[in-house]
Amino acid sequence: MIIALNNKSNLDKKDMDKYIEDIKTIKTSHQLIVCPSFINIPLLNISNICLGAQNISSTDNGAYTGEISGEQLKSYGVDYCIIGHSERREYEKESLEDIKQKIKKALENDIIPILCIGETLNQRENNFVYKVLEEELLSATEDLKEEEKAKIIIAYEPIWSIGTGIIPTNKEIEDVFQFIKQNMPKSKVLYGGSANEQNIETLKRIPIIDGYLLGGLSLKIEKLKLFIEKLD
Ligand code: PGA
């Protein structure tokens, strides 16, 4: 399975040095992808652990102050990139068009996008889940060739579940995964949103899940180890 770790905007230099030592002690046959803050990317060079970014510029190298391009990321060993996380859609006002461009830039630079999609609680309560997911999926991938689409990893992250400790029922997750796989039959699909060392016992009963995108748990190595143990 894929276990992608989204550190978000956490870990200063000292914390990161310790984090790296701790993460090296994880023994697993699952594919671990660590997505640190940009500034910590050059510090992470651990065999058997893949490197991911949390964002990518929608442009190439050039006069775009503050942006980090796919070419730059690749040159630092980044092979994956989270794109369209709900926090970026909401706080940074990333549009469907921005996300589409970022997916293209990632693929152009041989970086595998981890495309985050998910509905708000309001959208779920008003039966808009599939409409929202379909729009996010179709818009992000509409200009891509089939073989490019196949490379994309999808992370289903219900927004109401991120960082809240509340997770959907297994049936709700399974229904959404079936829908995603109908649209993106060759893509791996991850679940994200408050997945932890306690609820993994329940989540792992869903056979259709290809892996997890972990936020809070990515920072707690001991609990992360328990999560991985229970997943096996
Ligand atoms: P969480 O975050 O695991 O802390 O809910 C997941 C994410 O935002 O990717």
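K.L.:
Just give me the short version of the site of the ligand, but keep the residues and values in it.
P.N.:
Around the ligand sit 13 residues in total, of which K8, H85, E157, G163 and S194 are the nearest. Between the ligand and G215 there is a distance of 2.9 Å, counted from an oxygen atom to a backbone nitrogen or oxygen. Coverage of the ligand by the protein amounts to 95% of the 290 Å² it exposes when considered alone. With respect to the detected pockets, the ligand is housed in the second largest pocket.

K.L.:
How would you summarise helix α10 (residues 221-231) if you had to cite specific residues and measurements?
P.N.:
Within α10, burial applies to I221, L224, F227, I228 and L231. Projection of α10 onto a plane perpendicular to its axis shows the buried side chains occupying an angular sector of 110°, all on one side. Exposed and facing more than 90 degrees away from the buried side of α10 are E222 and E229. Summarising the contacts, the buried residues of α10 are in contact with β1 (2-6), α1 (13-23), β2 (31-35), α9 (200-203) and β8 (211-214).

K.L.:
Give me the lowdown on the packing of helix α6 (residues 129-141) against helix α8 (residues 170-183), citing residues and values where you can.
P.N.:
Pairs of packed helices are described in terms of their axes, by the angle between the two and the distance that separates them. α8 packs onto α6 with a crossing angle of 35° between their chain directions and a minimal axis gap of 11 Å. Judged by the twist between their axes, the crossing of α6 over α8 is right-handed. Residues V129, Y130, L133, E134, L137 and L138 of α6 pack against D175, V176, F179, I180 and N183 of α8. For the contact of α6 with α8, the per-class residue count stands at eight nonpolar, one polar and two charged.

K.L.:
Please set out the packing of helix α4 (residues 96-108) against α6 residue by residue, giving values where relevant.
P.N.:
At a closest axis distance of 8 Å, the pairing of α4 and α6 adopts a crossing angle of 50°. As judged from the angle between their axes, α4 and α6 are oblique. Note that α4 runs across α6; the crossing there is right-handed. Taking contact as the criterion, the partners of L96, I99, K100 and I103 in α4 are, on α6, E135, E136, S139 and A140. Split by residue class, the contact of α4 with α6 holds four nonpolar, one polar and three charged.

K.L.:
Break down the side chain of S69 for me, with residues and values.
P.N.:
Turning to its location among the elements, S69 is positioned in the loop between β3 (49-53) and α2 (70-75). By relative accessible area, which is 3% here, S69 ends up buried. At a separation of 2.4 Å, a polar atom in the side chain of S69 contacts the side chain of N61.

K.L.:
Describe the packing of aromatic side chains, naming the residues involved and giving the relevant values.
P.N.:
A complete count under the given rule lists four aromatic pairs for this structure. Through successive ring pairs, a cluster of aromatic residues spans Y156, F177 and Y191.

K.L.:
Quick rundown of the pairing of strand β5 (residues 112-117)? Include the residues and the values.
P.N.:
Counting buried residues along β5, five of its six residues qualify, which places the element largely inside the surrounding structure. As paired elements, β5 and strand β6 (residues 153-156) share four bridges and run parallel to each other. Paired with I117 across the bridge in β6 is Y156.

K.L.:
Please set out the layout of surface pockets residue by residue, giving values where relevant.
P.N.:
If you add up the space inside the largest pocket, you get close to 480 Å³. Contributing to the lining of the largest pocket are 23 residues, with Q54, N55, R88, E92 and E94 lying nearest its centre. When contributions to the lining of the largest pocket are tallied by element, the ones reaching two or more residues are α3 (86-91) and α4. The leading source of residues in the lining of the largest pocket is α3, at three residues. Class assignment for the residues of the lining of the largest pocket results in five nonpolar, nine polar and nine charged.

K.L.:
Residue-level account of the pattern of salt bridges, with values.
P.N.:
All told, the structure shown has 20 salt bridges when counted by the stated rule. One salt bridge in this structure joins K102 and E94, with 2.8 Å as the shortest N-O distance. Side by side, K102 and E94 carry an identical accessibility label, which is buried. Two residues, K100 and E97, come together in a salt bridge whose shortest N-O distance is 3.5 Å. Of the two residues, K100 and E97 are both situated in helix α4; the distance of three residues between them amounts to about one turn of the helix. A relative accessible area of 8% means that K100 is categorised as buried. Since its relative accessible area comes to 41%, E97 is described here as partly exposed. Salt bridges linked by common partners bring D60, K105 and E108 together as one network.

What counts and what doesn't
Residues numbered from 1 in each chain as written. Predicted model: local features only at pLDDT ≥ 70, side-chain atom pairs only at ≥ 80, totals over all residues. Heavy atoms only, no water. Near = heavy atom within 4 Å. Polar contact = N/O pair within 3.5 Å; in protein donor to acceptor, adjacent residues only side chain to side chain. Areas by Shrake-Rupley, 256 points an atom, 1.4 Å probe, with all protein chains shown as cover. 1 Å grid on protein atoms, 1.4 Å probe; cavity = no way out; pocket = protein on both sides within 12 Å on 5 of 7 lines; lining within 4 Å. Sits in = over half its atoms within 2 Å of the grid points. Buried < 20%, exposed > 50% of the residue type's maximum accessible area, 1.4 Å probe, protein only. Helix = DSSP H or I, 4+ residues; strand = E, 2+ residues; numbered from the N terminus. Arc of directions from axis to C-beta. Contact = heavy atoms within 4.5 Å. Axes fitted to C-alpha atoms, helices over the stretch in contact; angles between N-to-C directions. Left-handed = near helix turned anticlockwise from the far one by under 90°. Nonpolar A, V, L, I, M, F, W, Y, C, P; charged D, E, K, R; others polar. Parallel < 35°, antiparallel > 145°, perpendicular 65-115°, else oblique. Phe/Tyr/Trp six-rings, centres within 6.5 Å; stacked < 30°, edge-to-face > 60°. Pairing = 2+ DSSP bridges. Points joined across faces, edges and corners; volume = space filled by probe spheres on them. Salt bridge = Lys/Arg side-chain N within 4 Å of Asp/Glu carboxyl O.

Interpretation note: all reported values are geometric properties and have no functional meaning in isolation.
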